[in-house]
Amino acid sequence: MTAIIRTDSSKDLDKTIESLYRGGIHFIEVTLNTPRALNVIEENAGLYDDLFLGAGTVLDKESAAAAIRAGASFLLTPTLDEEVIRTGNQYGVPVIPGVMTPTEILAAYRAGAEVVKIFPAHTLGSSYLKDVKGPLPFVEAMAVGGISKENVPEYLQKGWHSAGIGSSLVNPEWIKNQEFERIEKQAAAFTDIVRSAERK
């Protein structure tokens, strides 16, 4: 499970990252359209040995390289850009590209992506991956878009590799209002649900 941080201010993002980690989430994405995103990644990348801080909304190879230099552990993209995948592979940093169609999924795999991000997952439904795996059984996919506490078990139980969770976990208003305990509790709730789903 990956927490997705997307806000219009970088204020208190260090406390947000710490709250998510304390709640049990160790994979955290900071989108590059968040102000000072690269600084936030650089300042927090080594906070804990088992914290994996990545960059999201990576749109081109230049942004990919900058995020890697800042210390990003992984990269996520909203679309398929094979140059971004190759840049990540060059430096040994996983890239999870945003795809939707079987054609895009296969192109991402051939470019070197081990996991793809299917977006918007909620619109496509949890059964979409099973259909895709018919002709493309090697696909490993992260569900992103509309994932909540209510539906995340359904995705994991239907063979999705993982889930990326945005505002239902990291609500920008909670950050703005400095409700870090609330973020930690929400992270803990998601963590418990995911662990329970993975055991089934």
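Please refer to the structure placed before this passage.
Model, not experiment: these values are computed from the prediction. Every chain is numbered on its own, with residues counted from 1 as its sequence reads. With the structure being a predicted model, the display of local features is reserved for residues of pLDDT at least 70 and the display and counting of side-chain atom pairs for 80 or more, all residues being used for whole-chain, interface and lining totals. The basis for every side-chain value is the complete set of non-hydrogen atoms in the structure, without hydrogens or water.

### Notes on the nonpolar core
The line we're drawing: We define a nonpolar core as any set of buried Ala, Val, Leu, Ile, Met, Phe, Trp, Tyr and Cys residues linked to one another through side-chain atoms lying within 4.5 Å. Each residue is placed in one exposure class: buried if its accessible area under a 1.4 Å probe, protein chains only, is under 20% of its type's maximum, exposed if it is over 50%, and partly exposed if it falls in between. We count a stretch as a helix when DSSP gives it H or I for four or more residues in a row; a strand needs E for two or more, and each element gets its number in order from the N terminus. Whether two residues are in contact is decided by their heavy atoms: any pair within 4.5 Å suffices.
With 58 residues, the main nonpolar core has Leu20, Ile28, Leu75, Ile118 and Leu169 as its most contacted residues. In terms of residue count, helix H10 (residues 180-199) provides more of this core than any other element does, six residues in total. Setting aside residues up to four positions removed in sequence, Leu75 forms contacts with Ala55, Val58, Ala64, Ala67, Ile68, Val93, Pro94, Val95 and Ile96. The next biggest cluster of nonpolar side chains, apart from the first, holds seven residues, and it includes Ile4, Leu76, Ile96 and Met142.

### Topic: helix H2 (residues 37-44)
Note the following rule: Along the arc lie the directions from the helix axis toward the C-beta atoms.
Among the residues making up H2, those that are buried are Ala37, Val40, Ile41 and Asn44. Seen along its axis, H2 keeps its buried residues to an arc of 100 degrees; they face one direction. Exposed and oriented more than 90 degrees from the buried face of H2 are Glu42 and Glu43. Buried residues belonging to H2 abut helix H1 (13-22), strand E2 (27-31), strand E3 (52-56) and helix H3 (61-70).

### Re the packing of aromatic side chains
For clarity, the cut-off: Any two of the Phe, Tyr and Trp rings considered here, Trp counted by its six-membered ring, make a pair once their centres fall within 6.5 Å; the pair's planes then place it as stacked at under 30 degrees, edge-to-face at over 60, or tilted in between.
Across all of its chains, the model carries five aromatic pairs by this definition. Arranged with centres 3.8 Å apart and planes meeting at 0 degrees, the rings of Tyr21 and Tyr48 form a pair that is stacked. Placement of the pair is Tyr21 in helix H1 and Tyr48 in the loop between H2 and E3, with a sequence separation of 27 residues. Exposure remark for Tyr48: the relative accessible area of 24% places this residue in the partly exposed category.

### Structural notes on the packing of H3 against helix H4 (residues 82-90)
Here is the rule we go by: Only C-alpha atoms enter the line fits that serve as axes; for helices the fit covers just the stretch in contact. Angles between N-to-C directions range over 0 to 180 degrees. If an angle is under 35 degrees, it is roughly parallel; if it is over 145, roughly antiparallel; if it lies from 65 to 115, roughly perpendicular; otherwise it is oblique. When the near helix sits turned anticlockwise from the far one by under a right angle, the crossing is termed left-handed; a clockwise turn instead gives a right-handed crossing.
The contact between H3 and H4 brings their axes to 8 Å, and the two run at 25 degrees. On the basis of their axis angle, the class for H3 and H4 is roughly parallel. As for the relative orientation of H3 and H4, their crossing is right-handed in sense. Note on element contacts: H4 touches H3 through Glu83, Val84, Thr87 and Gly88, opposite Lys61, Ala64, Ala65 and Ile68.

### Details of the pairing of E2
How we decide: Strands pair, by our definition, only if DSSP identifies at least two bridges between them. A crossover gets the label right-handed when its path from the first strand over the helix to the second runs clockwise, viewed with the strands pointing away from the viewer.
Counting buried positions along E2 gives four out of five residues, so the element sits mostly inside the fold. Alignment of strand E1 (residues 2-5) against E2, held across four bridges, turns out to be parallel. Note that in E2 the partner of Thr2 across the bridge is Phe27. The parallel pair E1 and E2, bridged by H1, forms a crossover whose chirality is right-handed. As judged from the five bridges shared by E2 and E3, these two strands associate in the parallel manner. Residue pairing across strands places Val30 opposite Ala55, the latter belonging to E3. In this fold, E2 hands off to H2, which returns the chain to E3; that crossover is right-handed.

### Points about the environment of Ala141
Position of Ala141 among the secondary structure elements: in strand E8 (residues 141-144). Spatially, the C-alpha atom of Ala141 lies 5.4 Å from that of Val115, the residues being 26 residues apart in sequence. Ignoring any residue separated from it by four or fewer positions in sequence, one finds Ala141 in contact with Val115, Val116, Ile118, Leu129, Trp160, His161 and Ser162.

### A closer look at unusual backbone geometry
Residues Phe119 and Pro120 are joined by a peptide bond in cis, for which omega reads 0 degrees. A positive phi angle, near 70 degrees, is found at Asp12, a position not held by glycine. With respect to the secondary-structure elements, Asp12 resides in the loop between E1 and H1. Residue Asp12 is classed as buried on the basis of its relative accessible area, which comes to 12%. Phi at Gln178 takes a positive value of approximately 55 degrees, unusual for a residue other than glycine. Inspection of the secondary structure assignment puts Gln178 in the loop between helix H9 (172-176) and H10. Judged by its relative accessible area of 41%, Gln178 is partly exposed.

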